[in-house]
Structures are given as structure tokens and as C-alpha cells.
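# Geometric and topological summary
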Amino acid sequence: MSWLRLPLAVSGLVCGLILWYFHNRFWWGPDEGAYLYVAQQMNAGETYTQGVTDIHPGLVHHIHALALRLFGDQFVSLRYFLAAGFWVGALTVHHIVEKIHGWQAAISAAVGFVSLSFVLFLNPSANWYSLLFVLALGCIVSNTDKSTRWRLYVVGAGVAVIFLTRQLSGVLAAMALVAMLLYETDSSLVKRNRRDGLLAAGIAACMALGLGFYLVSRTNIDSLAIVGLWPLLIFCLLALRPQLNKKDSLLLVGKLSAGFFAVLAPLVCYLAFSGLLDGWLDATFGSATSFAQQGWINDPSFLNELKAGLDGLMNARDVTTIVLTLFWVTLVLNPAVLGIRVVRKMIRNEFVHPLALLAVVWSTISVHYQIPIYLFFVTASTLLGHIVVTTPKGNFSRVLVGVPAIMAALALVFFAGQPLYRPHEAAMAGVRFPLVEDSAMGTGLWLPAKDIEPYSRLLEIIESNTAQQDPILALPTNPEIYSISGRQSPLWFFNATFGLRSGEDIDRAIAVITKEPPKVVIHRPDDKYRTSESDRLLAVAVKRLTLSDQIDGFDVYTAKK
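Residues numbered from 1 in each chain as written. Predicted model: local features only at pLDDT ≥ 70, side-chain atom pairs only at ≥ 80, totals over all residues. Heavy atoms only, no water.

## Describing the overall build of the protein chain
Broken down by element type, the protein chain carries 26 helices and 6 strands. Relative to the globule expectation of 24 Å for 561 residues, the C-alpha radius of gyration of the protein chain, 25 Å, shows essentially globular dimensions. Scored against the burial criterion, the 561 residues of the protein chain give a buried share of 58%. At a minimum sequence separation of 6, the contacts of the protein chain that also span at least 24 residues come to 73%. With an accessible surface of roughly 23,700 Å², the protein chain has 62% of that area assigned to carbon and sulfur atoms. Both charge centroids of the protein chain, one from 43 positive and one from 39 negative side chains, sit 11 Å from each other. (Helix = DSSP H or I, 4+ residues; strand = E, 2+ residues; numbered from the N terminus. Rg over C-alpha atoms; globule rule 2.2 N^0.38 Å. Buried < 20%, exposed > 50% of the residue type's maximum accessible area, 1.4 Å probe, protein only. Contact = heavy atoms within 4.5 Å. Areas by Shrake-Rupley, 256 points an atom, 1.4 Å probe, with all protein chains shown as cover. Lys, Arg positive; Asp, Glu negative; His and termini not counted. Charge placed at Lys NZ, Arg CZ, Asp CG, Glu CD.)

## Points about the pattern of salt bridges
Considering all chains together, one arrives at 13 salt bridges under this definition. Residues glutamate 98 and arginine 5 are paired through a salt bridge, measuring 3.6 Å at the closest nitrogen-oxygen approach. Of this pair, glutamate 98 sits in helix α4 (residues 80-101) while arginine 5 sits in the segment before α1 (6-22), and the two are 93 residues apart along the sequence. Taking relative accessible area as the criterion, arginine 5 reaches 39% and is therefore assigned partly exposed. Lysine 146 is paired through a salt bridge with aspartate 248; the nearest N and O atoms lie 3.8 Å apart. Of the two residues, lysine 146 sits in the loop between α6 (126-143) and α7 (151-165) while aspartate 248 sits in helix α13 (residues 246-273), which places them 102 residues apart along the sequence. In this structure lysine 146 comes out as partly exposed when scored by relative accessible area, which is 40%. Overall, aspartate 248 belongs to the partly exposed group, its relative accessible area being 22%. (Salt bridge = Lys/Arg side-chain N within 4 Å of Asp/Glu carboxyl O.)

## Thoughts on the state of the cysteines
Within this structure, the stated rule accounts for 0 disulfides. You can see cysteine 15 has no disulfide; the closest cysteine sulfur is in cysteine 139, sitting 15 Å from it. Judged by its relative accessible area of 15%, cysteine 139 falls in the buried class. (Disulfide = S-S within 2.5 Å.)

## Overview of unusual backbone geometry
Residues leucine 475 and proline 476 are joined by a peptide bond in cis, for which omega reads -5 degrees. Tracing the chain through its elements places proline 476 in the loop between β3 (472-475) and α23 (480-485). A positive phi angle is found at asparagine 349, which is not glycine, with a value near 60 degrees. For asparagine 349, the location among the structural elements is in the loop between α17 (319-347) and α18 (354-362). A positive phi angle is found at asparagine 478, which is not glycine, with a value near 75 degrees. The residue asparagine 478 is located in the loop between β3 and α23 in this model.

## Structural notes on the sheet that holds β3
With respect to topology, 4 strands assemble into an open sheet ordered β3-β4-β6-β5, the strand pairing being mixed. Looking at which strands have only one partner, the edges of the open sheet turn out to be β3 and β5 (545-551). Across the sheet, the mean angle separating the axes of adjacent strands is 20 degrees when strand polarity is ignored. Bridge analysis of β5 against strand β6 (residues 554-559) gives 6 bridges, and the strand direction is antiparallel. Within the sheet, the bridge partner assigned to glutamine 550 lies in β6 and is aspartate 555. Relative to β5, helix α22 (residues 449-465) is tilted by about 155 degrees, and along the sheet it contacts β3, β4 (520-523), β5 and β6. (Pairing = 2+ DSSP bridges. Axes fitted to C-alpha atoms, helices over the stretch in contact; angles between N-to-C directions.)

## A few points about the side chain of serine 456
Looking at the secondary structure, you find serine 456 in helix α22. A relative accessible area of 17% means that serine 456 is categorised as buried. In terms of polar contacts, serine 456 uses its side chain to reach the backbone carbonyl oxygen of isoleucine 452, at 2.7 Å. (Polar contact = N/O pair within 3.5 Å; in protein donor to acceptor, adjacent residues only side chain to side chain.)

Structural data, given as C-alpha cells:
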């Protein structure tokens, strides 16, 4: 083996071991159960958006359905594609960083990439796929020459793939990638004719307006500076100092659009001829929009996370709490610090690596729901942004070896694989919940005993009160119960929030469960997805049943005896 390739092999080995060790040591049942249940239904012959529906355009569910066919029908199977994707992503990060800062920083960056991303929230989320796709496209843009003919077509097609994975991610990915492309220098433009840059300026201004409207609708002014302000400033600077001439701007719009519609148009035509287009549009836009307007999505704030971290520092009484609280504050401030660094360089007319621009704009994905999980979705990309925006052999280049490695170690030891319900104070004190191998539910995962015990009791009740073909109902959500019990819902949705959006939806659902009443109904009264519509459906579903048990927040209804 060449000594030049040994560092890459070290990165590959260490990152592979991290991903393999943690890949089955976490779950978040309601969320992961949704992905598994939809994939199972599709493999059983149901048509997406008709027999079973969700709020995504559907590509992620086809990926999951394939994973179940390849690796087996259990929760852990949904992890393998993502684990492999993040391993490849880590090697890509190594390659990028090694060219700029050398092999030591490259190993540290690769380990940081996997330790500060997927292993912090081991869930087959569409957000993780979107992150991998957008980083791949960013690497294509930053490592291919402007004159490469296929380049913009591929980026446009890739944006369509991200959109079909998760709608909002596709829109923000398009903005982030266009920012990279608009930043590409055409020095002759500045010297010859500033009017030649008006189209590029208009594109940047339109994106600034669109992003501004989204940010105002999704966050408050206090939290805006943490994530949203810096992408807006980047687009404003691109509008004020355009660097693409009219011809290149037209080619940019035309080729990106051609690539985008080359992927999207055949799908839309197929759906239209199959009679599935209305259902797909409703799931992609109607259900998703309704879901995003839920009040509880707007309640959390990164500013509150920052305040909690600063309060924790003031009251910390031991070294572990101080270190972990500093780590947490760093995660919260990461997008803002990177944004400041990039905007500062742009104002000074210093070179900014395109992947740093990408990371700043992409970080706005976290504004959608300002909880720790959404910070995890952008931490790896902002980490890479910090590394590539640092000048080689500059004042900060020496920290690139130590800082990512230290953050990775803290993440792996104290945060990776830990349940979401662990109290913040316990997390900052370094308290870990022990995991045990699940042999009762057949998930293929290692879980806290606190998760296994109640689900095992629910499983016993379901098996003693139903046959394999009997329907059950979990309200307002908790589709993981269908998967672990091997039973199905009689309804076409697994979450009442987006399944019951109109009187027609409620009437249809009531008609279904009246004709095919569930033998067991499981209801979580304190669920954030509970609505008056789900309560109305519950009243009909339990009409012939009785409340027989209450297990860890679940009300269990079975046949009267």
C-alpha cells in the first residue's frame, strides 16, 4: 500500500468501525416506525399515496422498500444504505480536506463527519439522504470545471432527486447550489460591463426574497441571527456584486431546469397516466403544508437551546458538565460562526471555498423545527464548511486536527446512540442510558430497557386479542406498533394529523373502520399529533371496545369480556 493512501485507509477503517458499532444502537419508534410501515405496505402491494400515504414525495420510501427486500423485514435494515452512504461521504471529506490541509486534518475531518451526523440520530430520515445528496452535488460543482458540459444538467437532476426525497430539502438544496454557481468568478464581467451581471443579480435577489419569506414564517427575530441571517447576507452580496455574465446566467438557469425536469417530467407523466397524480400532489404539497403548520413545530427555538446552554455553564459544578455544555453551545452557534466567517471573507473580496457557501445556505434546513435533531442534520456540513473556509497554513489551520477529533470523541462517548427522552441535564452531566439487545420485538436493535418493556406488553395484548389478519388501530400515530405486531391498520394513513385534514377525510375513515372495525385500539392521549378529528375517529373506533389497560402513556382498548 502506498504511504500516500495509508491516511485514507485509516479514515475508512475508523469511520467504518464507528458506523458499524452504532448502526443498531438507537431508535425513535414513532418516526422510524412510519418509514418501516410505509415500506412494508409498499412491498405488500399497496400503492403509495393510495393504499398508504405520507408527507414525502416518495423516493425515500422506495429506497426503504428496497432495503427491506435486500436485508430483511426489520427496523435495522433501514440503516444499512445510510451507513454505507456516510462511510463514502467520510472518505470524500477526507479527500477534499487532504488536498487543502494535509492528511492529519483529513483524518480528523472524516471522523468528525460521521461522529457528528448519522450516529447522533440513527434514524432512516429523509433529511439524512438529502444531506448526502446535496454534499455529493456540492463536490461535483466545486471539483469540476465550469466548461464541463454535463455539469449543470447533473446538478439540476440531482436537485430533482433531493426534492423527490424531501420537498423543502430540494428547494433549499437548489438555493445552496445556485449560490455556489453564482459565486464562480468571471473577472471579465467586472472590467467590461456591469449591466451584463443584472440577470445574475436578479437571480440572487429573488432567492434572497424567497429565503427571507421562508425564514420569517419559520422563526422569530431572536433566533434569526443563529441560522437565517447569514444566508440572506450571502445572497445580498451576490446580488450587489454579480460574478456571472448574462450568457452564463441564462445557461445556468436553462441547464439546471433541463436537468430538473428531465427527472421530474417522466414521473409526473407516469403518475398522470396511472391516475395517481392527484394523490401524489396532495401528499407532496397538501399534507406536507398542513403538517408544517402545526403549532408545536414553531414552539422550539435555538435561542432557547443557547440560553439553556449558557445557564448550564453558569451553574456547572463539575468538569464534565462544563465540557459537555460548551460542546452543546458550540453545536448551536456553529452555523452562525460559519456564516460570519464566510460573509466576512466575501466582504473583503477574499476567496471562499464553494462548499463553505453551500454549508451556510444549507444550514437553514434546521430552521424548520428548532430542536437538537435538526441541529444534527447540519452539523457535519457546517464542520466541513469551517475546515474548507480556513486558509491553509493560516492562524486557524493548526486547530483543524484537534477540534474535529475532540468534538467527535465527545459526541461518541456522551451523545451517540442515546434516547431522545434523556433529560437535558442528564445529557450535560454525561449520564448514559444503558442499552440491551432487543429479542422481544424483533427490531434487530439495541434499545434502552425502558423502551422494550412497554412495547413487549403491548405486543402480548395484541397477540392475545387478535389473529394475524385482524386489523388494529394506533391513534393518533405510533405506526411502529403495526410493524412489531405484524398487524395492519384498516386506514390509508398512519398519522391522523395529515390523514384527517377535512370532513371528507373523517367521513371516509369512519366508514372504513365501521365496515372493518379494529380488534385492538391503542391511543396515546398526550401525543402532540392528537387533534379533535383524531378524537372523533377514536370515539367511533372504540365504540364496541373497553379500556382494558394503560401502559406507559398508552390507553389500550380491547373487546369487552
